[in-house]
Amino acid sequence: MRSSSSKHGAAENNRGVTGHMLTLHQRLYHALNLGFRSINNRRKWYCSDIEIQRLVIRSIDAFLDCISTETSHHPLVKDSVEDMVGALESILEFKSESTMGVASRVAVKMVNILPSSLLQSHVLDLMRPLASLLSTWQFQVSISCASALNAILSNISIKTEREVWQILKETKVVGSLVDNIKEFSVGNKPTEYLEEMVSLLSKILWWWPQSRFCVWTDTELLNFLDTLQLERENSTKVAVLQLYSTLALCGAWASKLLENGEALLRMMVDSMERANNHSIRMEGFRLAQCLAINKRECLKMIKRCGEPLVKAIISGMSDRNSHSEKLAKNHRSIVEEACRLALITRWAGDHHIYFWKAGVDTVLLDLLLGSYEKIDLFKQELSMKELIVVVRDGLNTNFHLSLRPYVWDILGWIATNCAEDFNTEAHGRKLHLKILIVCACLAFVDSIHVTRQISQSSPTNTAVSESASRAVLMMVYSPCKYIASVARSLLLEILKSNGKDYTEYLLETLIARSSGNNFGIPGNLQIVICLMSLACYSSLPKYRKLIIKHQGIKTLLNFIRWWFSNPVRIKRSNVASHLHNSFTERSCCCSATEDWEGEDMLLLFSLWSLAELLHHLDPIKVHLLDNQTNFNEVQLVSELQKICRHGRTPGPRWYAVYILCVFGHYGFPCEMGDRIGKALTDNEYTDLELNLVNGESIYVHGVVLMVRSPSLLPPGELLVKEKASSGSSVKQDAENRVITAIHLSSHVDYQSLLKLLEYVYFGYVQASEDLVKKLKIFAKHCGLHHLLQMLSKRHPKWGTPMPSFDLTPALRPGGHHFSDILLESNTRELVSWMCNSCSASVPHLHVHKVILESSCDYLQALFRSGMQESHLQTIKVPVSWESLVKLVNWFYSDQLPEPSFGCLWDNMDADEKLHEVQLYIELCWLAEFWLIEDLHEECYRVSVSCLDSSRYLSVKIMQSAAIFTQWKLAEVAANYMAPLYHSLRNSGELDALDDSLVEMVRSASVRLSQEGSRSSS
């Protein structure tokens, strides 16, 4: 006898299952049993009888109709899914004109009714026949197939992503969809046809970047889409905007579009207007976000449609529906999308003028305080204390809490990108701006309390804490004197009651993190907020003294030292949930521009805090720090220079440079500068003599001055070598080299000139305080703005790119004047060739010995050997022309041009990819032969990164590596091929390799098998 609990369980399982449903289930299997066959010892459904096919389709249709949400997971349904999918798959594959239509409609019903969890393991079986029917002449069948595939792709998992793409590729779905869209006007098809095709294509482009290239290079398709921009149907507009958005995820297409896409940009901005329905506006904002993923493309977009775009953003942010409760819960609201797009304020540009002009301060205030009942009090003359009380009361209404992270971010960015002389009176924004600063400072101070209880905080609260802290940091260090002054005054007032306690808490938190004690260790978000808070507090003299008194410098140095040993990489999006952006994750072919902080947030903000403390410390006390910390001055300078040379992101490198100024080191240490700098004390290849009034002189290299400090050269010096220009004369030295003597002003002294030349050659200089004043005048006269900034010890501005030591301008015609040798490749790929600087007909590059030998000991030995080769005017380099161009680019910039990865790379055929990779393998060999270790490592890295592109490519790379004796690369290629060894051998793909290479792959396969056996045991 069953227990009552068993009966209860059975009753629960049968809830919702009616007698009618059981009957339909029986009829379903009566029909299915007419087609079950045993094929290769597997039960499969197959029947060529059209009437039986119709019966099965009707039975599946009827059974699906009786499935409810309640019964969808019932065993009766679960156990039937595989058989229904199998039958439908077989019928669709049969492609009978009399059953295709109804079968495809039932497929749509199936994928929409059955839970994705039930279909997940069977969906691949259904996809292939649906995909193959997209190009059928029966457009209603095509519509149903596209609709079913749309539903399937909306629910695929990352696990099946590769398999799904393989099916789509084999069935040539992208090509079919493109053809269907282009032929929409043929045959009087309904609008639904176009919308389903465009929607499905958009989903595919979203999931698989490699599918984008063949779409955005189809001119006929893009021209047809242009004609749809005036389409009045809302649903069609939405579909077209979605397609443009997924195409814009490809940086290459976005860049191309922004060159001449005024019509599309106009449509995009118009779509954001309030006159449109919700869906169209949402897609308009999303398209703009896709175009704004990358700084370069974003600024192009702003140049094309900046003011209308900003007006649309402000309109979206101030949407009148924003006062409803419903909005606060709607994650996909217009206001949120507009706020997300408004984050383009993180980049400097003309759009900041438009934001102020459109009233961004009013909108931000509205989002923070909304219809706060005491809002009229702000119009009265309030004391600072009264203002703080009223604002705090308004913030506590929790109006649009989920939008606050965006508000703080936007406020922080407009503060940091404000000009020094920004006139608040001219904009009429003084009161609004002051209230916004009070709001941010209150939220910032409250964030310390939230940070103490971070484990109990919601993601929204933590995002608010992080972004509020960041906003205040941006404001207290704003270039705008008014914003910085008001922010510091208000922060000082708000901190009166708890400032001392909070300061001690911040330092204790850092000590806990760097102590190595894992008990009660604070999380990354706590550390980020603590470091930003310390940087803010350090801007206030009162708390700066307090931090120093409580050994804050020692604490920060210990933390930085801990970070060097345990470099914790954190992206901001990992601690600020509102920045999670699926667009960025799915983008391709974007230029590698990195955020100012990148993944080095902890290092950046710890250096920021340390810099502020050290720059306000008495110079004598700075040099006494050796006795207080585990870091002595020499060690600290060394570590900071390492950050400058090898840092991954600009922000930490700028602050390392800023701190180095405290110790008398000015400029930007880098590998390229270290190499070129050696030439300053070596008179070899010098062609200029700088003469001072007192008779002293310094020999230098014209090519270095031309790029790094052209103002040291007389105006005519860049054009004519044989003739002396104003302020110069020509002579020959003992080796018959032409030396141009340049006579400098009486205001230039030897020591200052030498130090300036150190900066020009090395990229940085060490100078005592008594020299700094002279150097500042000299740097200003020579237009060396970055050096002047460092000598003046001006605070780094957020977002400023790190200056590069790039000598590639010397390769242009202007630099040919200083060239003393030509480089030729050993191939003749270029059929036509013409040089503007000489009559040589063979492809060549005009280069400079001083630059070549600074990076290559082999060439230095060759040039200085005294043998016949050292006097050659032309050197033939044993590599192809393309490789030679990459090699010379590396000599002059320390940067190796890399292949265009992304959808461009994915759509190259195997031979094109091989040609690209072989250039780097060839350079690997040359770098090894010429003893250029850094270049060899770079070429090796690029070659390895291409190995998993295809089986064919792996085999060919291994073959090329062997030809160029790059055995380490060949071993890596063998390891890549190891899992496929038996397949490659049986297919004959290894036949191109010699026996030793085949044995290398076989050995790698054996090792892999042995490792697998050990791990399983």
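Quick caveat: nothing in here was measured; it's all calculated off a predicted structure.

The next subject is the packing of aromatic side chains. All told, the structure shown has 26 aromatic pairs when counted by the stated rule. Look at Tyr537 and Tyr543: their rings are 5.7 Å apart centre to centre, the planes differ by 50°, and that puts the pair in the tilted class. Since its relative accessible area comes to 0%, Tyr537 is described here as buried. Ring geometry for Phe762 and Tyr764: centres 6.3 Å apart, planes at 65°, overall edge-to-face. Residue classification places Phe762 among the partly exposed residues on the basis of a relative accessible area of 23%. By the ring-pair criterion, three or more aromatic residues cluster together here, those being Trp413, Tyr477, Trp596, Phe605, Trp608, Tyr655, Tyr658 and Trp798. Against the face of Tyr759 rests Arg708, its NZ or CZ located 5.7 Å from the ring centre. Geometry around Tyr940 places Lys968 over its ring, the cationic atom sitting 4.5 Å from the centre.

Let's shift gears to the sheet that holds strand 9 (residues 821–825). Spatial strand order, 10-9-11: three strands in an open sheet with mixed pairing. For this open sheet the edge positions go to strand 10 (844–847) and strand 11 (874–877), each flanked by a neighbour on one side alone. Strand-to-strand twist in this sheet, taken as the mean axis angle between neighbours without regard to direction, amounts to 25°. Relative to strand 10, strand 9 runs antiparallel, the two sharing four bridges. Along strand 10, the bridge assignment pairs Leu823 with Leu845.

The subject of this paragraph is the nonpolar core. Core analysis: the largest hydrophobic core is formed by 354 residues, its most contacted members being Met268, Met317 and Trp408. Counting residues per element, this core draws most heavily on helix 26 (residues 430–452), at 13 residues. With residues near it in sequence (within four places) discarded, Met268 still touches Gly284, Leu287, Ala288, Leu291, Met301, Cys305 and Leu309.

For the rest of this paragraph, the subject is the environment of Gln641. Position of Gln641 relative to the elements: it lies in helix 37 (residues 633–646). Sequence-wise, Gln641 and Pro669 are 28 residues apart; in three dimensions their C-alpha atoms are separated by 6.2 Å. When residues no more than four places from it in sequence are discounted, the contact partners of Gln641 are Leu660, His665, Pro669 and Tyr764.

Across its 14 residues, helix 28 (residues 481–494) extends 20 Å between first and last C-alpha, which sits within 8% of the 20 Å expected from 1.5 Å per residue. Among all positions in helix 28, only Ile483, Ala484, Val486, Ala487, Leu490, Leu491, Glu493 and Ile494 are buried.

Okay, the packing of helix 3 (residues 50–65) against helix 4 (residues 75–94) next. It is the contact of helix 3 with helix 4, at a shortest axis distance of 11 Å, that shows an interaxial angle of 145°. Note that helix 3 runs across helix 4; the crossing there is left-handed. In contact with Ile50, Gln53, Val56, Ile57, Ile60, Phe63 and Leu64 of helix 3, helix 4 contributes Leu76, Val77, Ser80, Met84, Ala87, Ile91 and Phe94. Tallied by class, the residues present in the contact of helix 3 with helix 4 amount to 12 nonpolar, two polar and no charged.

Conventions we followed
Positions within a chain are numbered from 1, following the residues in the order the chain's sequence is written. This being a predicted model, a pLDDT of at least 70 is required before a residue's local features are given, and a value of 80 or more before pairs of side-chain atoms are given or counted; all residues contribute to the totals for chains, interfaces and linings. The side-chain figures draw on all heavy atoms in the structure; neither hydrogens nor water molecules are used. Working definition: a ring pair exists when centres of Phe, Tyr or Trp rings (six-membered ring for Trp) sit within 6.5 Å. Plane angles under 30 degrees give stacked, over 60 give edge-to-face, the rest tilted. Accessible area is worked out with a 1.4 Å probe on protein chains only. A residue is then buried under 20% of its type maximum, exposed over 50%, and partly exposed in between. Geometrically, a charge over a ring is one whose NZ (Lys) or CZ (Arg) sits within 6 Å of the ring centre while staying within 35 degrees of the ring normal. Strand pairing is defined by DSSP finding a minimum of two bridges between the two strands. Runs of H or I in DSSP of at least four residues are treated as helices and runs of E of at least two as strands, each being numbered from the N terminus. Between N-to-C directions, angles cover 0 to 180 degrees, with each direction set by a line fitted to C-alpha atoms, over the stretch in contact for helices. To define a nonpolar core, start from buried Ala, Val, Leu, Ile, Met, Phe, Trp, Tyr and Cys residues and group those joined through side-chain atoms within 4.5 Å. Note on definitions: a residue-residue contact is assigned when non-hydrogen atoms from the two residues lie within 4.5 Å. Each residue after the first adds 1.5 Å to the expected span of a helix. It is the rotation of the near helix from the far one that decides the hand of a crossing: anticlockwise by less than a right angle makes it left-handed, clockwise makes it right-handed. Note on residue classes: Ala, Val, Leu, Ile, Met, Phe, Trp, Tyr, Cys and Pro are nonpolar, Asp, Glu, Lys and Arg are charged, and everything else, Gly too, is polar.

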